[in-house]
Amino acid sequence: MKISERAMLVNLSISLWSGRKYDKDASHEVAANHNTDERRAGRFNKILVNPNNLRTIASIAGSARNYQNQVTLPWLSDGSRIIPVDIYLEYTSKMSGYRSSFDAAVSDLVKDYDALVNQARLDLNGLFKESDYPSKESIVNKHAFNVRVFNLPDAADFRVGLSNSELEATRKDIETNLNEATDAAVKDVFERVKMRMDHFVRRMNEIEDGKGLRDSMMENIKELSDIMPRLNITGNMEIDDIADKMKREIASYTTDDLRDSQGIRVATTKSAQEILDKVSAYI
């Protein structure tokens, strides 16, 4: 099966209102008070509204981006990423939820906007400027949450009104891009494994009695071992084998198992080091 039949491209674009504004007068005043050049004193950026009222929106955006990076693979440099076909429906459902939460949080911000501006009038005192504050409509327009989906290019199916030589050159460019993206996708999976196994081995070597271990370490390893086969859009046998070994020999244990048994700590550390050595050879 061709890679274009195994995966698609998705592009997640999120924009936020920063809630900050460069104040030229304040910057000039700071420089003058300290008898220095404005270019050396720096730019003074005001916090227009209480940052707490912007954190929910930023948190949702961050969660969406983290999820995107977890279930997708790198693609060239245009911001798009590769998503396996069998994850796509789950992805669209999850992103729809993030978008709904994002839009609701923006609506809440707009509802509170007048009160936030009035509070800023008191908090900023002499630094307050009415002209710094966009309209409610503008606030809405400064926020966006968009997901676009594209087919992966397929050199074999490429059709365009070019000469034979131009057509062949274009096909070769597409094949080169696909090969580079495929290599990057495999490397990305191995780098994720390397990061998790390196962290696991270091933590195991740092402790003696199992104390100080966090559940998140084992949860992250389990999540990775679960998703690796789904991210294996190239059908790479090594990826499946490593995922299976990670699942059986490490992720099958809980944090409590590691805390309670030195034997399990020794065995899982040995397995993690073996996996680490293996993936390091591919990176």
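Everything that follows concerns the structure shown earlier in this document.
These lines cover the structure that appears in this document, whether it is placed above or below. (Residues numbered from 1 in each chain as written. Predicted model: local features only at pLDDT ≥ 70, side-chain atom pairs only at ≥ 80, totals over all residues. Heavy atoms only, no water.)

## Quick look at the packing of aromatic side chains
Link 1 in the chain: Going through the model one piece at a time under the given rule, you end up with six aromatic pairs.
Link 2 in the chain: Note on Y67 and Y91: the rings are 6.2 Å apart at their centroids and 15° apart in plane angle, and the pair reads as stacked. In this pair, Y67 sits in helix α4 (residues 52-71) while Y91 sits in helix α5 (residues 85-124), placing the two residues 24 residues apart along the sequence.
Link 3 in the chain: We classify Y67 as buried; its relative accessible area is 8%.
Link 4 in the chain: Through pairs of rings, three or more aromatic residues link up here, namely Y67, Y91 and Y98.
Link 5 in the chain: The ring of Y67 carries the charged tip of K94 above its face, separated from the ring centre by 5.6 Å. (Phe/Tyr/Trp six-rings, centres within 6.5 Å; stacked < 30°, edge-to-face > 60°. Helix = DSSP H or I, 4+ residues; strand = E, 2+ residues; numbered from the N terminus. Buried < 20%, exposed > 50% of the residue type's maximum accessible area, 1.4 Å probe, protein only. Lys NZ or Arg CZ within 6 Å of the ring centre and 35° of its normal.)

## Regarding the sheet that holds strand β6 (residues 144-151)
Link 1 in the chain: Strand order in this open sheet of four strands is β4-β5-β1-β6, and the pairing throughout is antiparallel. Each of the sheet's edge strands pairs with one partner strand only, and the pair in question is β4 (73-74) and β6.
Link 2 in the chain: Sheet topology places strand β1 (residues 7-15) next to strand β5 (residues 81-84); four bridges connect them, and they run antiparallel. Its bridge partner being in β5, V10 is matched across the sheet by R81.
Link 3 in the chain: Here α4 sits on the sheet in contact with β1, β5 and β6, set at roughly 165° to β1. (Pairing = 2+ DSSP bridges. Contact = heavy atoms within 4.5 Å. Axes fitted to C-alpha atoms, helices over the stretch in contact; angles between N-to-C directions.)

## Quick look at the nonpolar core
Link 1 in the chain: Residues Y133, V193, M197, F200, I221, M228 and M246 are the most contacted members of the largest nonpolar core, which totals 73 residues.
Link 2 in the chain: Elements that contribute at least two residues to this core include exactly β1, α4, β5, α5, α7 (164-206), α8 (215-231), α9 (237-251) and α11 (262-280).
Link 3 in the chain: Here the element with the most residues in this core is α5; it accounts for 14 residues.
Link 4 in the chain: Not counting residues up to four positions away in its chain, the partners in contact with M246 are V193, M197, I221, L224, S225, M228, A251 and I275. (Core = buried A, V, L, I, M, F, W, Y, C linked by side-chain atoms within 4.5 Å.)

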